[in-house]
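# Geometric and topological summary
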Amino acid sequence: MQDLEKEGSQPKTWSGRFSEPVAEMVQKFTASISFDKRLAEFDIQGSLAHASMLHSVGLLSRADLDSIETGMQSILAEIREGRFEWSIELEDVHLNIEKRLTALVGDAGKRLHTARSRNDQVATDIRLFMREAIDGIVESIKALQHALLDLAEQHADTVMPGFTHLQVAQPVSFGHHLMAYFEMLDRDRERMQDARRRLNRLPLGSAALAGSSYPIDRAKVARMLGFEGVCENSLDAVSDRDFAIEFCASSSILMTHLSRFSEELILWMNPGFGFIDLADRFCTGSSIMPQKKNPDVPELVRGKTGRVNGHLVSLLTLMKSQPLAYNKDNQEDKEPLFDAVDTVSTSLRIFAEMVPGIKVNRDAMRLAASRGFATATDLADYLVKKGLPFRDAHEAVAKAVRHCEMKGCDLSDLPLNELKSLCPLVEQDVYEVLTLEGSLKSRDHIGGTAPHQVRGAITRARSRLA
Ligand code: ARG
């Protein structure tokens, strides 16, 4: 210890058994304070609950508990006001706060770590952090879902071409198309809530790995911190980060949904489609091409999806070869996790703001739907309803399409006698099914694109969100 002081370096909390100070490069390499200070408020919450429990089981005097509580209040204020001096020599958020507490209140600060290890401490902090992060993300998903519902409601009757293979397939309601994303986001929301439920268990009390020899009351700490229960196995509690992996997996899926939506917005804004325009405040220009208006926001969200996928792979790889129980590898969980939280949160928030400003060009959507024989399936179904086997109907309509292609017209432009010569069972009423509205209206069941079904889906969705 004296040697350490001679080097001018502060002795470490754990350096009692060491004969030389840690090398400076190792100190830098192993420290996590630059990023885990983000956990500070959760660390304090956990410590206060722990201290209160220590007092209730007789391991900490009333006076010590009071000192710890007052000291933590000052520390909290220092952190919030940006006055707290984080030191890399103190390695991480836990030791920084503990050291400051001891400086402020003396021996009571040194007693706080009774029956606790940084291993169960950090596992608790991350879970508290995740809980709050997920709650924020769930609210942002809901905000985006509301925005989609409002736009879908305005466009239940708006006809657009539905695509398969990005080729015109069948007409759909634009509202129906938007509601597809509502459903994806609803599952994302469920996945987030489900992940939250599973991670909402208290690791504290597991200590370093084997549990504690003190008469601790884990259930009390769990209650104080709002956990649903305690982690059942101490080795598992300090070691596994599956909840972080699960969160990143759910985030990757969510970002994949946003990425698909982004891709569509980008395509639709291209003049070749001309289906939509994004509000100017969500676009940027080009420094060389004066005419440009670029959909940067959806492009970036599409790009950031890769980043979140990367975090998922980082965490899976981080965990895969770790023997039980805690290993320092786990310190590497924080940066990917924090960045995944930030990326998902901002992407959702910016989308929720952008969606209400989408300007829809109904005419362009309609025109695109009226080209490409979007109602060919309707004609085949019509013939089947008149008694033709489906395969024969398919063949007859395919010929009619070819005929139209040669003539350069749509199916609905063919006069009845021409249509009859190609599809024998056709009568005057065929023109109803050849219209875009007729096609939409006929898909009249739950999950179908008939505008009144879309409105029903929106009403049900609103009550699901409430
Ligand atoms: N900074 C560490 C982490 O994030 C805290 C736990 C350290 N535990 C230890 N035994 N070195 O994982």
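Starting from 1, residues in each chain are numbered consecutively following that chain's sequence as written. Note on the predicted model: pLDDT of at least 70 is required for a residue's local features to be given, and 80 or more for side-chain atom pairs to be given and counted; whole-chain, interface and lining totals, by contrast, use all residues. With hydrogens and water stripped out, all remaining heavy atoms of the structure feed into the side-chain values.

### Here we look at the environment of Ser56
Each helix corresponds to a stretch of at least 4 residues labelled H or I by DSSP, and each strand to a stretch of at least 2 residues labelled E; elements are numbered beginning at the N terminus. Checked against the element boundaries, Ser56 lands in helix α4 (residues 40-56). Separated by 231 residues in sequence, Ser56 and Ser287 place their C-alpha atoms 66 Å apart.

### Things to note about the site of the ligand
Around the ligand sit Ser32, Asp36, Asp92, His94, Arg118, Asn119, Val122, Tyr326, Gln331 and Lys334, and those are all the residues in its vicinity. The separation between an oxygen atom of the ligand and a polar side-chain atom of Tyr326 is 2.4 Å. Within the side chain of Gln331, one N or O atom sits 2.8 Å away from a nitrogen atom of the ligand. Taking 340 Å² as the accessible area of the ligand by itself, protein coverage stands at 86%. By the convention adopted, Pro, Cys, Tyr, Trp, Phe, Met, Ile, Leu, Val and Ala count as nonpolar, Lys, Arg, Asp and Glu as charged, and the other residues, Gly among them, as polar. Residues belonging to the shell around the ligand are distributed by class as follows: two nonpolar, four polar and four charged. Nearness here has a simple test: a residue counts as near a molecule or strand if at least one of its heavy atoms is within 4 Å of that partner. By the criterion applied in these results, polar contacts are pairs of N or O atoms within 3.5 Å in which, for protein atoms, one can donate a hydrogen and the other can accept it, and in which residues neighboring in sequence qualify only through two side-chain atoms. Residue-level accessible areas treat just the shown protein chains as cover; the underlying method is Shrake-Rupley with a 1.4 Å probe.

### Considerations on the packing of helix α8 (residues 118-154) against helix α14 (residues 334-354)
For the pair α8 and α14, interaxial distance at closest approach is 8 Å and the crossing angle is 15°. The orientation of α8 with respect to α14, classified from their angle, is roughly parallel. Like other packed secondary-structure pairs, α8 and α14 cross with a definite hand, here left-handed. Contacts from Val122, Ile126, Phe129, Met130, Ala133, Ile137, Ser140, Ile141, Ala143, Leu144 and Ala147 of α8 reach α14 at Lys334, Leu337, Phe338, Val341, Val344, Ser345, Leu348, Arg349, Phe351 and Ala352. Looking at the contact of α8 with α14, its residues break down into 17 nonpolar, two polar and two charged. Think of each axis as a best-fit line through the C-alpha atoms, taken over the contacting stretch in the case of a helix, with angles from 0 to 180 degrees between the N-to-C directions. In these notes the angle categories are as follows: under 35 degrees is roughly parallel, over 145 is roughly antiparallel, 65 to 115 is roughly perpendicular, and the rest is oblique. In a left-handed crossing the near helix is turned counterclockwise from the far helix by less than a right angle, and in a right-handed crossing that turn is clockwise. Working rule for contacts: check all heavy atoms of both residues, and any pair within 4.5 Å makes them a contact.

### Some words on the pattern of salt bridges
The rule for a salt bridge is simple: a side-chain nitrogen of Lys or Arg has to be within 4 Å of a carboxyl oxygen of Asp or Glu. This structure, assessed with the given rule, holds 36 salt bridges. Glu78 serves as the salt-bridge partner of Arg100, at 2.8 Å between the closest nitrogen and oxygen. With Arg100 in helix α6 (residues 93-105) and Glu78 in helix α5 (residues 62-80), this pair connects stretches of sequence that are 22 residues apart. A 1.4 Å probe rolled over the protein chains alone gives each residue an accessible area, and that area as a share of the maximum for its type sets the label: buried under 20%, exposed over 50%, partly exposed in between. The exposure class assigned to Arg100 is partly exposed, which follows from its relative accessible area of 29%. On the accessibility criterion, Glu78 (9% relative accessible area) is buried. Across the pair Asp333 and Arg241 runs a salt bridge, and its minimum N-O distance is 2.8 Å. Within this pair, whereas Asp333 is found in the loop between α13 (296-320) and α14, its partner Arg241 is found in the loop between α11 (234-239) and α12 (242-269), the two being separated by 92 residues in sequence. As far as the burial class goes, Asp333 and Arg241 line up, both buried.

### So, the side chain of Asp36
Looking at the secondary structure, you find Asp36 in helix α3 (residues 33-36). The buried charged residue Asp36 lacks any salt bridge, with Lys334 as its nearest oppositely charged partner at 5.5 Å. One polar contact links the side chain of Asp36 to the main-chain amide nitrogen of Val93, over a distance of 3.0 Å. Every residue in contact with Asp36, bar those within four places of it in the chain, is listed here: Asp92, Val93 and Lys334. For the charge count, each Lys or Arg is scored as positive and each Asp or Glu as negative, with His and the chain ends excluded.

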